[in-house]
Amino acid sequence: MIDIRPLRYFLAVAETLHFGRAAERLHVTQPPLSRQIAALERSLGVALFERDSRHVRLTPAGQRFREDARAVLASLQQACHTARQIDAGEQGELQVGFMMHAAHSSVPPLARRFMAACPQVQLRLREALPFPLLDGVLSGELDAGIGFAPAAMRGLQMQPLLQEPLCVVVPQDHRLARRRQVAVAALADEGLITAPAEVVPTLREAIDACFRAAGLEPRIRLEVQLQQSIVSLVAEGLGIALVPASLRRLGVPGVAFVGLKDAPQVQQVLFWSDGNRNPALPRLLACIPNP
């Protein structure tokens, strides 16, 4: 415990200017109170009170010490309150990185729920490429990451956020652009733009499995890391792509999104290091709806 008795005892006497009434306020007897005041004055090397048989008055030093002591006790009380709130995850800061495509799907609703539940925690969101995002989580620079599930590894925890189907994105003048839905077989001769398998393994596995289930091998034309970049390259006529359906919200001109028959589902997850000790992280996890 932090021993604040000398300041409390001093303030009781300073506010009542009477040792007896101060002792009653503090629920102590007068001799220990007098000893505490005397010890405080010795440690400071100044007299805080002028005393005679009938009166107790503050010295000039005592008057100033009274104001400063009040401020110290108020600051200490606030410091104790803040420490408890931070330990409970009710104050502080939470750093969360996310792959850019998640800004159009899982990030906004999760951020809204967390900010409503923990208004005194500063939520800092940071867009990141997949590799820096994972490195940031593992190093502790980031408390959590949001995106496609990274490869399973020791010390990395994951919780699903969102599951959505893949769809086909084609240039707006493509032969399939006006179709509501297509089968994978219709894509047999198309060059694909996709992310590298080492960057988003779960997404590439879903795309590869989708083609192979139809007896086809995907024809990879270009590989880029960002889903937004993939859609932009499609708009330039450099190929087609299979992307999460939420990317329709990008509003990129020059492309059409087409449904995919028997589309595979891809999952976005929140992932974090099991060594993370930020008390606000469990509060974020509690904001994820049950599946």
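Residues numbered from 1 in each chain as written. Predicted model: local features only at pLDDT ≥ 70, side-chain atom pairs only at ≥ 80, totals over all residues. Heavy atoms only, no water.

1. Notes on the nonpolar core
Okay, so step 1: Formed by 45 residues in total, the largest nonpolar core has its most connected members in Val168, Val169, Leu187, Leu242, Val243, Phe257 and Leu260.
Okay, so step 2: Those elements giving two or more residues to this core turn out to be α6 (130-139), β6 (156-171), β8 (191-194), α7 (201-213), α8 (227-235), β10 (241-244), β11 (255-260) and β12 (265-273).
Okay, so step 3: Sequence-distant contacts of Phe257, that is, excluding residues within four places in its chain, are made with Cys167, Val168, Val169, Val231, Val243, Leu247 and Arg248. (Core = buried A, V, L, I, M, F, W, Y, C linked by side-chain atoms within 4.5 Å. Buried < 20%, exposed > 50% of the residue type's maximum accessible area, 1.4 Å probe, protein only. Helix = DSSP H or I, 4+ residues; strand = E, 2+ residues; numbered from the N terminus. Contact = heavy atoms within 4.5 Å.)

2. Comments concerning the packing of aromatic side chains
Okay, so step 1: Counted by the stated rule, this structure contains three aromatic pairs.
Okay, so step 2: When the ring of Phe10 is compared with that of Phe49, the centres are 5.5 Å apart and the planes differ by 50°; the resulting orientation is tilted. With Phe10 in helix α1 (residues 5-16) and Phe49 in strand β1 (residues 49-51), this pair connects stretches of sequence that are 39 residues apart.
Okay, so step 3: Judged by relative accessible area, which is 3%, Phe49 ranks as buried.
Okay, so step 4: Measuring from centroid to centroid gives 4.9 Å for Phe10 and Phe65, while their planes differ by 70°, and the two rings are edge-to-face. (Phe/Tyr/Trp six-rings, centres within 6.5 Å; stacked < 30°, edge-to-face > 60°.)

3. Observations concerning the environment of Ala151
Okay, so step 1: Here Ala151 shows up in the loop between β5 (144-148) and β6.
Okay, so step 2: Ala151 sits in the partly exposed class, given a relative accessible area of 43%.
Okay, so step 3: Taking C-alpha positions, Ala151 is 35 Å from Gln85, a pair spaced 66 residues apart along the chain.
Okay, so step 4: Each residue touching Ala151, except ones within four places of it in the same chain, is listed here: Leu156, Met158 and Pro201.

4. Structural notes on the confidence of the model for the protein
Okay, so step 1: Residue-level pLDDT values for the protein average 92, and 99% of them are 70 or greater.
Okay, so step 2: Ranking the elements of the protein by mean pLDDT puts helix α4 (residues 60-87) last with 89 and β11 first with 97. (pLDDT = per-residue confidence, 0-100.)

5. Some points on the pattern of salt bridges
Okay, so step 1: Considering all chains together, one arrives at 15 salt bridges under this definition.
Okay, so step 2: Between Arg57 and Glu50 there is a salt bridge, with the nearest N and O atoms lying 3.7 Å from each other.
Okay, so step 3: By relative accessible area, which is 39% here, Glu50 ends up partly exposed.
Okay, so step 4: For Arg70, the salt bridge goes to Glu67, with nearest N and O atoms at 3.4 Å. A residue pair is termed a helical-turn pair when its members lie 3 or 4 positions apart in one helix, as Arg70 and Glu67 do in helix α4 at three residues. (Salt bridge = Lys/Arg side-chain N within 4 Å of Asp/Glu carboxyl O.)

6. A word on the packing of α1 against helix α2 (residues 19-26)
Okay, so step 1: Between α1 and α2, the least distance of the axes is 8 Å, while the angle of their chain directions is 130°. Viewed along their axes, α1 and α2 adopt a mutual orientation that is oblique. Classified by chirality, the crossing of α2 by α1 is right-handed. Here Arg8, Tyr9, Ala12, Val13, Glu15 and Thr16 of α1 come into contact with α2, specifically with Phe19, Arg21, Ala22, Arg25 and Leu26.
Okay, so step 2: The residue inventory of the contact of α1 with α2, partitioned by class, reads six nonpolar, one polar and four charged. (Axes fitted to C-alpha atoms, helices over the stretch in contact; angles between N-to-C directions. Parallel < 35°, antiparallel > 145°, perpendicular 65-115°, else oblique. Left-handed = near helix turned anticlockwise from the far one by under 90°. Nonpolar A, V, L, I, M, F, W, Y, C, P; charged D, E, K, R; others polar.)

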